[in-house]
Amino acid sequence: MKIGFDAKRAVQNFTGLGNYSRYVIEALLHFDDKNSYDTYSPKRVVSKQFSNITNSYNNITEHYPNTWFGRKFPTFWRTWNIWHDIDADNIDIYHGLSNELPLSIKHCQHTKSVLTMHDLIYLRLPQCYTFLDRKLYNFKYKRSCKNADLIIAVSECTKRDIVELYGIDAKKIEVIYQGCDPSFAQKSSDEKKAEVKHLYNLPDKYVLSVGSIEERKNALSLVKTLPLLPTDIHIVLVGKHTKYTNRIIEWAEKNSLSQRLHILNKVSFVDLPTVYQMCQTFVYPSVYEGFGIPIVEALNSQVPVVAATGSCLEEAGGPNSIYVAPNDVDAIYRAITQTFDVSTRNKMIEAGIEWAKRFSQKELAAQTIACYQRLLTQQ
């Protein structure tokens, strides 16, 4: 097979959708040497993360707009004109990795299309998005779902949302879980821990949460447990700052708790596994998610997990993590303190390691290739 990818996020983004895109591409390249892969991106961007992948394998080819018009109007090329390139390159499967396909994908006579859908949060929590963003997402994502020959949902929760909110036949949707970078399962040395602790001025004992610090992620509910927790326990938030971050800082200042709150905006990816491994407990109080990769990162880091009910986080954390209502501060506090018990903690860690095994690159690659093959045999 000749597989094409929408690689815009793989080349240009360095968080969620970019990480997912690179993860899938690398998984297929690593575990499949029978097929060839072509990536399509509207712009050339210096990307060490993406270059590390493309330079490591021989069966991958990068494509960018090759006409003046395409280079001048890259968004138009990606949305409309790209089908000419896909046809010319004899692509068998074109896979949109980040919620969308070219609006012209049906013009490709001999190419089957696959779409990965991560979530429909903008419909579940419209208050977290601007009016224009909601309209744009709904137009692009709904049309992509209808045009796709097959949809890959990153969780059962996302699959249910696609069926309910977009009216897509469930038979057209496969659930394939994403894993996390293998580095999270590699134990950091004592020297590395000391280096990272000093670099980021981390406290001796802390509860950790990772993800953009925005209202939907609900970190304030976690921070409000500080008056209840033992005074030697701090809270560390790792993620992009937003206006919501200021609300958290103001609350901590008002309650004289700023010394126990640490907000880290720029943590190097090579240091992040160590930040996980040194925490007491990982808490993910997000109101709604498509899957919850930070939970998988925590399980691989051998850390007990507390997460919120209401979306898909039970799928990521498994039956031995603890789940509470996202806005119930007292319940979050009680769940955190449960993880301090040595026996409970050890059981959660052991079960978490076992649960995390299902989220592997090898498994993702095998399931994705099976989807491609099934599509082509349906022709």
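Here, every reference points to the structure presented above.
Note that the structure is a prediction, hence the values are computed from the model and not measured.

Undergrad: Explain the nonpolar core to me, and be specific about the residues and the numbers.
TA: By size, the foremost hydrophobic cluster in this structure holds 71 residues, and its most contacted members are Ile25, Leu202, Leu208, Val238, Phe282 and Ile295. Examining the composition of this core, we find that seven residues originate from one element, helix α2 (residues 16–31), more than from any other. Filtering out sequence-adjacent residues up to four positions away, leucine 202 remains in contact with Val196, Lys197, Val236, Leu264, Val275 and Met278. Counting 26 residues, the second-largest nonpolar core is a separate cluster that includes Leu237, Leu257, Val283 and Ile322.

Undergrad: Could you give me a rundown of the sheet that holds strand β11 (residues 281–284), with the residues and numbers involved?
TA: Within the open sheet, the six strands sit side by side as β10-β9-β8-β11-β12-β13. Their pairing is parallel. The sheet is open, and its two borders are formed by β10 (261–264) and β13 (322–324), each paired with just one other strand. Strand-to-strand, the axes of this sheet are offset by a mean angle of 20°, without reference to chain direction. Taken together, the four bridges between strand β9 (residues 234–238) and β10 define a ladder with parallel strand orientation. Across the sheet, valine 236 pairs through a bridge with histidine 262, a residue of β10. Sheet strands in contact with helix α13 (residues 293–300) are β8 (206–210), β11 and β12 (305–308), and its direction is about 170° off that of β11. Against the sheet, helix α15 (residues 329–338) engages β8, β11, β12 and β13, with an angle of about 170° to β13.

Undergrad: Just give me the short version of the pairing of β8, but keep the residues and values in it.
TA: Taking burial as the measure, the five residues of β8 include five buried ones, the bulk of the element. Burial along β8 is two-sided: the residues Tyr206, Leu208 and Val210 and Val207 and Ser209 are all buried.

Undergrad: Give me the sheet that holds strand β7 (residues 173–175): which residues, what numbers.
TA: With parallel pairing, seven strands are arranged side by side in an open sheet as β3-β2-β1-β4-β5-β6-β7. Of all strands in the sheet, those with a lone pairing partner are β3 (60–63) and β7, marking the two edges. Here the average twist between neighbouring strands, direction ignored, is 20°. Inspection of the sheet shows strand β1 (residues 2–6) paired to strand β4 (residues 93–96) by four bridges, in the parallel sense. Its bridge partner lying in β4, phenylalanine 5 is registered against histidine 95. Taken strand by strand, helix α5 (residues 74–88) contacts β1, β2 (36–40) and β4, and its axis lies near 145° from that of β2. Each of β5 (112–117) and β6 (150–153) is contacted by helix α7 (residues 131–147), which is oriented at about 135° to β5, the strand it contacts most.

Undergrad: Got a sec to walk through the side chain of aspartate 32? Specific residues and values, please.
TA: In this fold, aspartate 32 is placed in the loop between α2 and β2. Among buried charged residues, aspartate 32 stands out as having no salt bridge; its nearest opposite-charge side chain is lysine 34, 6.5 Å away. At 2.5 Å, the side chain of aspartate 32 and the side chain of tyrosine 37 are in polar contact.

Calculation criteria
- Residues numbered from 1 in each chain as written.
- Predicted model: local features only at pLDDT ≥ 70, side-chain atom pairs only at ≥ 80, totals over all residues.
- Heavy atoms only, no water.
- Core = buried A, V, L, I, M, F, W, Y, C linked by side-chain atoms within 4.5 Å.
- Buried < 20%, exposed > 50% of the residue type's maximum accessible area, 1.4 Å probe, protein only.
- Helix = DSSP H or I, 4+ residues; strand = E, 2+ residues; numbered from the N terminus.
- Contact = heavy atoms within 4.5 Å.
- Pairing = 2+ DSSP bridges.
- Axes fitted to C-alpha atoms, helices over the stretch in contact; angles between N-to-C directions.
- Lys, Arg positive; Asp, Glu negative; His and termini not counted.
- Salt bridge = Lys/Arg side-chain N within 4 Å of Asp/Glu carboxyl O.
- Polar contact = N/O pair within 3.5 Å; in protein donor to acceptor, adjacent residues only side chain to side chain.

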